[in-house]
Amino acid sequence: MFAETTAAITAAKEAYALVKVLKDAREQSVIDKATGELHEKITELQMLNAELASLYHAEKQVTMQLTEENAQIKMFALQSSQYEIHTMESGSTVYRLKAVPDPDMKTHYLCANCYQKREISILQPTGKVIADSASNYCKQSLCPACGTTFLMHRLPKKEKYIPQPISRKGGW
Ligand SMILES: [Zn+2]
């Protein structure tokens, strides 16, 4: 944009010099030559003006985008400061609240995948129970943003999951 601005200033100065020539000229040939050159300078200025306007618009877009990104980074820094990395007993790595405000309140967990991309995404239970590598049954959660599934809490042995046959509605 600097080169275009300099070119526009130079063209404007040259046009102004041509106007001065026209003002002081007495001979028709000088007037004709200066008029022709002035027309060229005006066309050049119009083109530079359009170029500058488009460059200004592009710069403005970039500034707006950077402002938005900056706001998102600040928002993430503020939100993420409440969380810490945590490994579930199933081995899944997630983020959880550093402190639960109310002891009766259940904590929630964040997707580690989205956290790395500066996104706060709360994991939601899928209702499924899956066996982990140690053959323990664990509740499964899903990240609604990226679709990653996580093995969460292990079920106590007595609650061990036994697949139930699907009961027929209405019975036999
Ligand atoms: Zn995610």
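For clarity, every value in this text was computed on a predicted model and none was experimentally measured. (Residues numbered from 1 in each chain as written. Predicted model: local features only at pLDDT ≥ 70, side-chain atom pairs only at ≥ 80, totals over all residues. Heavy atoms only, no water.)

Visitor: Looking at this model, I keep getting lost on the overall build of the protein chain. Mind explaining?
Guide: What the protein chain contains, in helices and strands, is three helices and six strands. Listing every helix and strand of the protein chain by position from the N terminus yields α-α-β-β-β-α-β-β-β. Compactness check: the protein chain gives a C-alpha radius of gyration of 35 Å against a globular reference of 16 Å for 172 residues, more than 25% above the reference. Within the protein chain, the fraction of its 172 residues that count as buried is 22%. When contacts within the protein chain are restricted to residue pairs at least 6 apart in sequence, those whose partners lie at least 24 apart make up 35%. Counting only carbon and sulfur atoms, one obtains 57% of the accessible surface of the protein chain, whose full area is about 13,000 Å². (Helix = DSSP H or I, 4+ residues; strand = E, 2+ residues; numbered from the N terminus. Rg over C-alpha atoms; globule rule 2.2 N^0.38 Å. Buried < 20%, exposed > 50% of the residue type's maximum accessible area, 1.4 Å probe, protein only. Contact = heavy atoms within 4.5 Å. Areas by Shrake-Rupley, 256 points an atom, 1.4 Å probe, with all protein chains shown as cover.)

Visitor: When you look at the coordination of the zinc ion in this model, what are you seeing that I'm missing?
Guide: Put simply, the ideal angle at a metal is 109.5 degrees for four donors in tetrahedral geometry and 90 or 180 degrees for six donors in octahedral geometry. Taken together, Cys 111 (SG), Cys 114 (SG), Cys 143 (SG) and Cys 146 (SG) make up the protein donors of the zinc ion, found 2.2 to 2.3 Å from the metal. Relative to the metal, the four donor atoms surrounding the zinc ion lie at angles of 105 to 114 degrees, and the coordination shape comes out tetrahedral. Look at where the donors of the zinc ion fall in the sequence and you get C-x2-C-x28-C-x2-C. Here the residue Cys 114 occupies a position in helix H3 (residues 112–116), and Cys 143 occupies one in the loop between strand S5 (137–142) and strand S6 (149–154), the gap between them amounting to 29 residues. In this pair, the class of Cys 114 matches that of Cys 143, namely buried. (Donors = N, O, S within 2.8 Å, 3.2 Å for Na, K, Ca; no water. Tetrahedral: all angles 85-135°; square planar, octahedral: opposite > 155°, others 65-115°.)

Visitor: Sorry, what's going on with the pairing of S6 here?
Guide: Residues in a regular strand point their side chains to alternate faces of the sheet. Judged from the four bridges that link them, S5 and S6 form a sheet pairing that is antiparallel. Paired with Gln 140 across the bridge in S6 is Leu 151. (Pairing = 2+ DSSP bridges.)

Visitor: Where do I start with the sheet that holds strand S1 (residues 83–87) in this structure?
Guide: In a beta sheet, neighbouring strands are held together by backbone hydrogen bonds and run either parallel or antiparallel to one another. Pairing is antiparallel in the open sheet, where three strands are placed in the order S1-S2-S3. Each edge of the open sheet is held by one strand with a lone partner, namely S1 and strand S3 (109–111). This sheet shows a mean twist of 40 degrees between the axes of neighbouring strands, independent of strand direction. Across three bridges, strand S2 (residues 93–97) lies against S3 in antiparallel orientation. Looking at the pairing, Val 94 lines up with Cys 111 of S3. (Axes fitted to C-alpha atoms, helices over the stretch in contact; angles between N-to-C directions.)

Visitor: Looking at this structure, how should I read the layout of surface pockets?
Guide: Using a probe with the size of a water molecule, rolled over the atoms, empty space left in the structure can be pinpointed. For the largest pocket, the calculated volume is near 290 Å³. Every residue lining the largest pocket is listed: Lys 106, Thr 107, His 108, Tyr 109, Leu 123, Pro 125, Lys 139, Gln 140, Ser 141, Met 152 and His 153. Of all the secondary structure elements, the ones that give two or more residues to the lining of the largest pocket are S5 and S6. No other element matches the three residues that S5 contributes to the lining of the largest pocket. Here the lining of the largest pocket is built from residues that sort into four nonpolar, five polar and two charged. (1 Å grid on protein atoms, 1.4 Å probe; cavity = no way out; pocket = protein on both sides within 12 Å on 5 of 7 lines; lining within 4 Å. Points joined across faces, edges and corners; volume = space filled by probe spheres on them. Nonpolar A, V, L, I, M, F, W, Y, C, P; charged D, E, K, R; others polar.)

Visitor: Help me understand the side chain of Ser 121 in this model?
Guide: Its place among the elements puts Ser 121 in the loop between H3 and strand S4 (124–131). If we skip the residues at most four places from it in the chain, Ser 121 touches Tyr 109, Leu 110, Cys 111, Cys 114, Cys 143, Pro 144 and Ala 145.

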